[in-house]
Number of protein chains: 2
Amino acid sequence: MNILFIMYDQLRFDYLGCAGHPRLHTPNFDRVARMGVRFTNAYCQSPVCGASRMSFYTGRYPSSHGAQWNGFPLRVGEVTLGDHLRKLGMDCWLIGKTHMKADAEGMARLGLSPDSVIGARQAECGFDAWVRDDGLWGEGPDGFYDEKRSPYNEYLKSKGYDGTNPWADYANAGIEDGDIASGWMFRNADKPANIAEEDSETPWLTSETIRFMEEAKRPWCAHVSYIKPHWPYIVPAPYHDMFGANDVPQALRHPVEREDPHPVYGAYMENPIARAFQRDEVRQKVIPAYMGLIKQCDDQLGRLLDHLEATGELSDTMIVLTSDHGDYLGDHWLGEKDLFHEPSVKIPMIVFDPRPQAEATRGTTCDALVESIDLAATFVEAAGGEVPDHIIEGRSLMPFLHGREPEDWREVAISEYDYSVTGMCTNLGLSPRDARLFMVFDGRWKLIHAEGGFRPMLFDLDTDPEEFHDLGGDPDLANQIARLYDHLARWGRRMSQRVTRSDADIEAMRGRSLRRGILPFLYDGSEVDSELTQKYRGPARQNHVDGDG
Amino acid sequence: MNILFIMYDQLRFDYLGCAGHPRLHTPNFDRVARMGVRFTNAYCQSPVCGASRMSFYTGRYPSSHGAQWNGFPLRVGEVTLGDHLRKLGMDCWLIGKTHMKADAEGMARLGLSPDSVIGARQAECGFDAWVRDDGLWGEGPDGFYDEKRSPYNEYLKSKGYDGTNPWADYANAGIEDGDIASGWMFRNADKPANIAEEDSETPWLTSETIRFMEEAKRPWCAHVSYIKPHWPYIVPAPYHDMFGANDVPQALRHPVEREDPHPVYGAYMENPIARAFQRDEVRQKVIPAYMGLIKQCDDQLGRLLDHLEATGELSDTMIVLTSDHGDYLGDHWLGEKDLFHEPSVKIPMIVFDPRPQAEATRGTTCDALVESIDLAATFVEAAGGEVPDHIIEGRSLMPFLHGREPEDWREVAISEYDYSVTGMCTNLGLSPRDARLFMVFDGRWKLIHAEGGFRPMLFDLDTDPEEFHDLGGDPDLANQIARLYDHLARWGRRMSQRVTRSDADIEAMRGRSLRRGILPFLYDGSEVDSELTQKYRGPARQNHVDGDG
């Protein structure tokens, strides 16, 4: 069985037809949902690209793998999904974005060259790169945000798009009065991107994926990782005007959120992204483009499904559709992601298992508390392995896919956020190590702990599903808060770094030293079977005859 | 300046003259104490050799480095003291024991050969090995406990001691009726080891150290790591009868400790080591030998000090005397180490800084809460570096050595213990990951948390310095217990794995993406200086002229 692990960037859980979006129809996402299980309480481990992705790729929490924000290198030697799958005879390929930053210093310390196979995998968080393009070719006075080579820009140049950065000038820009109208500016979001639709990012990566599926050795795991519907919010015709102002939902926000907000939330509401998304004209320009980008993703997903069907491999390919985090789009007076309201931290997760054991669950939903790290465990099991739970902290979703109730399941989902690099850290006067947030969600109560001496935030999603009312200061809820803090404390003591010894290794070690002559409790030897002490009883001569034993 | 980092194995903090031992005179330890600072509240990070040592060698807590018990490999790539010091131009040598187990699987995954310089350092937890001998050549029906080559056994053979394991037959055995009388058996502890004193382990390693000091390139850090006074408890003449039954102190134990003990403590009191040390004849045989072994260590320390004085290097060498953990010797009805009573978890720590800045503190004691991980930080500072506090969790002791009060200092010392490999885990019916203990000590209150659903243990060292009365079940102390649990929870959330980004790196990253064209908040560009958006404003032509900027 192959694994087609598709990630969209910044795709909100509720911007899919199968998730109940009133205006956006996504027949291909819905088709996979009908073939498999849609997880309705799936959470990313950190609502920011880099940290979230490193958790998907290691099956470990951000504070376990340490790459807690964009551009924080994943430490050399950290065991990845690719390491686990290759051990099981399955290749693990990357097609698209990872946001991985190599631990160049660590690699140099260990003498690993990025040109070597081992070094390249270290540099690509365990994947073999079919094509890697992180899809953010932003450029400013200090140069490009991403200094790597862009295969997508090379493709555009090969198709005759001119300039040094056609990603910016064509794929992510419209035209106004014959000039480039950059997609970085929301006022241009309703313009058609100045590019042939088939040359835009999502179709290009889809074509790369089809080429991969035609050529790759079986079995494969392919991480197909689209940059869209991530900003810049602009999309080519015909998607640019499929949706309009009438399709833009009311912002999920309430004046009470701005009355004496938690300092960290308050700081985020003041940042330029939030201020932009607090303007109705921004939402009315951006959200139709965002919907168009998703519609394009859905059509391109259709191409992949049709290809798998045509080659007969649909029946032999596990398909996973998910996202690294959501997008506030103005909800809660915020833009982007970063915090823990549902539009940001909850992710779409649809899993199709083609095998007969999954018949009973096809087209169902599962509301268990699922974390993004569960996918790595699921893939290891799908590849025929046992989950190395001393390394992978997630749990296999296979029981849910096969209609079995797992004996026990997590009581809380945990998500983390390190904002030490952001202006909010500076504005709040925090040290880099205090700019950290932790979410503990039990399915009803969502506690957010902020380092740095702040009170917690607390939401009751039963009585306040929109998360408008922060109850973190309510003395009547001290017990709920203490209970969730206990969960966080238990999690903080978790066994996350004992990665060189499995429980089975440990059981095999028991009593071993006894049979190798470590006997620090003998008075005269009579305490144990003489076999254990024969090397230590006289006479000397006899000992020597025994040799090394 | 050189660093002579001497570790004794299983040396109790209070078995030194300078620490007030009534019968044991240790003029050479005392001499270093008069030259430097003796830390009277120093704690190991785990009362077991392997885990404790990996913390000394990484400056990180056991649950940060992951090598939580003997024989748990230190994960490949974990940054060590050697890595830090070599960066600063100081070699870092090993002479003696580390109890390091190489992460062979991780090294193979990264293609590191143990024969390469890099591979050898990975295999030796960052040291260059002048001589490595872990000093436990136990042998049983399944062979040797330690399958490596023993330089000490080779030495003994070269001196004409016969047999395959003269460590066992001579260095750690006496003679009775012409037969070997093994030092593994306590009944033989009062016999002289059947070896010339100068050939026994402590003088041998001392001679290796002097040879090192004669040959090594400056500046060096030398980790001189003696196996003694660790068991087998037997010592050659004249040390075997320097002390007798009259010198054996009363066991520090109380019947109340056996009334309804905490289940984990109860399980330890039942193990064969504890049962042996509950017998007075065992203490009367073992403790005089233990004292003799320490006396021999003191004499050999004198040889090292005299050598440094003769070569004039005493004034240019920082000297540290410490141990990886203590030894119950029957106190609290226990033998060996493992738990968190002072005789087990507190360690001797004496630091001599030859530099003038340390004049004011010579011969003083310091009662600050010190952890073994503080030494790695101290050594980095001694070598002229800045402590990389995103990797090293310990704190430099230099302020205390130089008579400066640090602005702030830790409020609690933390120690951990993983007993998953032991029979106590099985006897208590625990899963391997629940067989873990955490100590939180604030200088007065000592809380011990046990995973697995047990109540905590609690001792008040002000009113009960002998730690006889476990107050962990006292409802009147709920607030103290909660306060210490808060400390443990904060520690559990510590930033321990963000090892690829320092605070300085993070500060340098701030605002970087803005000047590299990542502007996800623009409505029309007027929000920012036009310099930041020049790449995105029309006309297209002009953009191209700009080139890559």
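Residues numbered from 1 in each chain as written. Chains lettered and ligands numbered in written order. Predicted model: local features only at pLDDT ≥ 70, side-chain atom pairs only at ≥ 80, totals over all residues. Heavy atoms only, no water.

### Remarks on the relation of the copies chain B and chain A
For these two chains of identical sequence, chain B goes onto chain A by a turn of 180° and a shift of 0.0 Å along the axis, with RMSD 0.1 Å. Taken together, the rotation and translation relating the two chain copies correspond to the operation of a two-fold axis. Of the C-alpha atoms belonging to chain B, the one lying closest to the rotation axis is found on G492 of chain B, 2.1 Å away. Comparing interface residues between copies, 100% of those in chain B also sit at the interface in chain A, which points to an isologous, same-surface contact. (Least-squares fit on C-alpha atoms with pLDDT ≥ 70 in both. Contact = heavy atoms within 4.5 Å.)

### Observations regarding helix α7 (residues 151–158) of chain B
Because an α-helix completes one turn every 3.6 residues, residues spaced three or four positions apart along the sequence face the same direction. Residues and elements named next belong to chain B. Looking only at α7, the buried set comprises P151, Y152, N153 and L156. On its buried face, α7 is in contact with β5 (128–132), α8 (166–171) and α9 (201–215). Two residues or fewer after α7 comes G160, characterised by a positive phi angle close to 95°. (Buried < 20%, exposed > 50% of the residue type's maximum accessible area, 1.4 Å probe, protein only. Helix = DSSP H or I, 4+ residues; strand = E, 2+ residues; numbered from the N terminus.)

### Considering the domain arrangement of chain A
When its domains are assigned, chain A resolves into domain 1 (2–411) and domain 2 (510–536). On a C-alpha basis, the centroid separation for the pair domain 1 of chain A and domain 2 of chain A is 58 Å. (Domains from an automatic or database assignment.)

### Describing the sheet that holds strand β17 (residues 445–450) of chain B
All names here are of chain B. Spatial strand order, β15-β16-β17-β18: 4 strands in an open sheet with antiparallel pairing. Across the chains shown, the open sheet's two edge strands, defined by having one partner strand only, are β15 (413–418) and β18 (457–460). Each adjacent strand pair in this sheet contributes to an overall mean axis angle of 15°, direction not counted. As defined by bridge partners, β15 adjoins strand β16 (residues 436–441) across 6 bridges and the pair is classed as antiparallel. The residue of β16 that forms the bridge with S415 is M439. (Pairing = 2+ DSSP bridges. Axes fitted to C-alpha atoms, helices over the stretch in contact; angles between N-to-C directions.)

### Topic: the side chain of D374 of chain A
Residue and element names in this part refer to chain A. With respect to the helices, strands and loops of the structure, D374 is situated in helix α14 (residues 374–382). Residue classification places D374 among the buried positions, given a relative accessible area of 0%. Among the polar contacts listed, one links the side chain of D374 to the side chain of R410, at a separation of 2.7 Å. If near-sequence neighbours (up to four positions away) are discounted, D374 is found in contact with G394, R395, S396, L397, W409 and R410. (Polar contact = N/O pair within 3.5 Å; in protein donor to acceptor, adjacent residues only side chain to side chain.)

### As for the side chain of D103 of chain A
Residue and element names in this part refer to chain A. Its location among the elements puts D103 in the loop between β4 (91–96) and α5 (104–109). Despite its burial, D103 pairs with no opposite charge; the closest candidate is R109, at 5.5 Å N-O. A polar contact of 2.9 Å, which involves the side chain of D103, links it to the backbone nitrogen of G106. (Lys, Arg positive; Asp, Glu negative; His and termini not counted. Salt bridge = Lys/Arg side-chain N within 4 Å of Asp/Glu carboxyl O.)

### Points about the interface of chain B and chain A
Contact residues are listed per partner, giving 117 residues for chain B and 118 residues for chain A. Buried area between chain B and chain A, both sides added, is near 10,400 Å², and the carbon and sulfur share of it is 56%. Of all residues in chain B, R493, Y523 and Y536 of chain B bury the most surface against chain A, accounting for 9% of the area lost on that side. The partner of R515 of chain A in a salt bridge is D142 of chain B, and the shortest N-O contact between them spans 2.9 Å. Joining chain B to chain A, the criterion identifies 47 residue pairs in polar contact (both at pLDDT 80 or more). Tallied by class, residues from the side of chain B that touches chain A come to 42 nonpolar, 33 polar and 42 charged. (Buried area = accessible area lost by both parts, 1.4 Å probe. Nonpolar A, V, L, I, M, F, W, Y, C, P; charged D, E, K, R; others polar.)

### A closer look at helix α2 (residues 49–58) of chain A
Residues and elements named next belong to chain A. Of all the 10 residues making up α2, 10 are buried; the element is thus mostly covered by neighbouring parts of the structure. Listing the buried residues of α2 in full gives C49, G50, A51, S52, R53, M54, S55, F56, Y57 and T58. Against the buried residues of α2 lie β1 (2–8), α3 (62–65), α4 (81–87), β10 (220–225), β11 (317–323) and α14. Positive backbone phi, at 70°, marks G59, one or two positions downstream of α2.

### Focus on the packing of aromatic side chains
This structure, assessed with the given rule, holds 56 aromatic pairs over all chains. Here F400 of chain B and W409 of chain B contribute two aromatic rings whose centre-to-centre distance is 4.8 Å and whose plane-to-plane angle is 85°, an arrangement assigned as edge-to-face. We note that F400 of chain B, like W409 of chain B, is buried. Here the aromatic residues Y15, F186, Y233, F277 and Y290 of chain A are joined through ring pairs into a cluster of three or more. Just above the ring of W333 of chain B sits the side chain of R258 of chain B; from NZ or CZ to the centre is 4.4 Å. Of note, R279 of chain B hangs over the ring of Y523 of chain A, and the distance from its end group to the ring centre comes to 4.6 Å. (Phe/Tyr/Trp six-rings, centres within 6.5 Å; stacked < 30°, edge-to-face > 60°. Lys NZ or Arg CZ within 6 Å of the ring centre and 35° of its normal.)

### What to know about the confidence of the model for chain A
Residue and element names in this part refer to chain A. Residues of chain A with pLDDT of at least 70 account for 98%, and the chain-wide mean is 96. Considering only residues more than four positions removed or in separate chains, one finds that residues 540–549, a stretch of pLDDT under 50, has 27 contacts. Our summary of model confidence lists the complex with pTM equal to 0.96 and ipTM equal to 0.95. (pLDDT = per-residue confidence, 0-100.)

### What to know about the sheet that holds β10 of chain A
Residue and element names in this part refer to chain A. Read from one edge of the open sheet, 8 strands run β5-β4-β10-β1-β11-β12-β2-β13, paired in mixed fashion. Sheet topology places β5 (128–132) and β13 (364–366) at the edges, where each strand pairs with a single neighbour. Along the sheet, successive strands turn relative to each other by an average axial angle of 15°, direction set aside. With 6 bridges connecting them, β4 and β10 associate as parallel partners. Note that in β10 the partner of G96 across the bridge is S225. Seen against the sheet, helix α9 (residues 201–215) touches β4, β5 and β10 and runs at an angle of roughly 145° to β5.

### With respect to the pattern of salt bridges
All told, the structure shown has 107 salt bridges over all chains when counted by the stated rule. Note that D9 of chain B is salt-bridged to K97 of chain B, the shortest N-O span being 2.8 Å. In this pair, D9 of chain B sits in the loop between β1 (2–8) and α1 (27–35) while K97 of chain B sits in the loop between β4 (91–96) and α5 (104–109), placing the two residues 88 residues apart along the sequence. By the burial criterion, D9 of chain B is buried, and K97 of chain B matches it. Of the charged contacts in the structure, one is a salt bridge between E154 of chain B and K157 of chain B, with a shortest N-O distance of 3.8 Å. Pair noted here: E154 of chain B and K157 of chain B are both in helix α7, with a separation of 3 residues, about one helical turn. Given the relative accessible area of 34%, K157 of chain B is considered partly exposed. Where salt bridges share partners, they join D83, R86, R121 and D128 of chain A together with R109 of chain B into one cluster.

### As for the packing of helix α1 (residues 27–35) of chain A against helix α12 (residues 280–310) of chain A
All names here are of chain A. One way to put it is that α1 packs onto α12 with a least axis distance of 7 Å and a crossing angle of 50°. Our classification of the angle between α1 and α12 gives oblique. Between α1, through P27, N28, F29, R31 and V32, and α12, the contact on the second element is made entirely by K295, C297, D298, D299, L301, G302, L305, D306 and E309. Here the contact of α1 with α12 is built from residues that sort into 6 nonpolar, 2 polar and 6 charged. (Parallel < 35°, antiparallel > 145°, perpendicular 65-115°, else oblique.)

### Let's talk about the pairing of strand β8 (residues 173–176) of chain A
Residues and elements named next belong to chain A. Relative to strand β9 (residues 179–182), β8 is paired through 4 bridges, and the arrangement is antiparallel. Within β9, the position partnered with A173 by the bridge is S182. Counting the residues between successive antiparallel strands, the hairpin from β8 to β9 contains 2 residues, one of them, D177, with a positive phi of roughly 50°.

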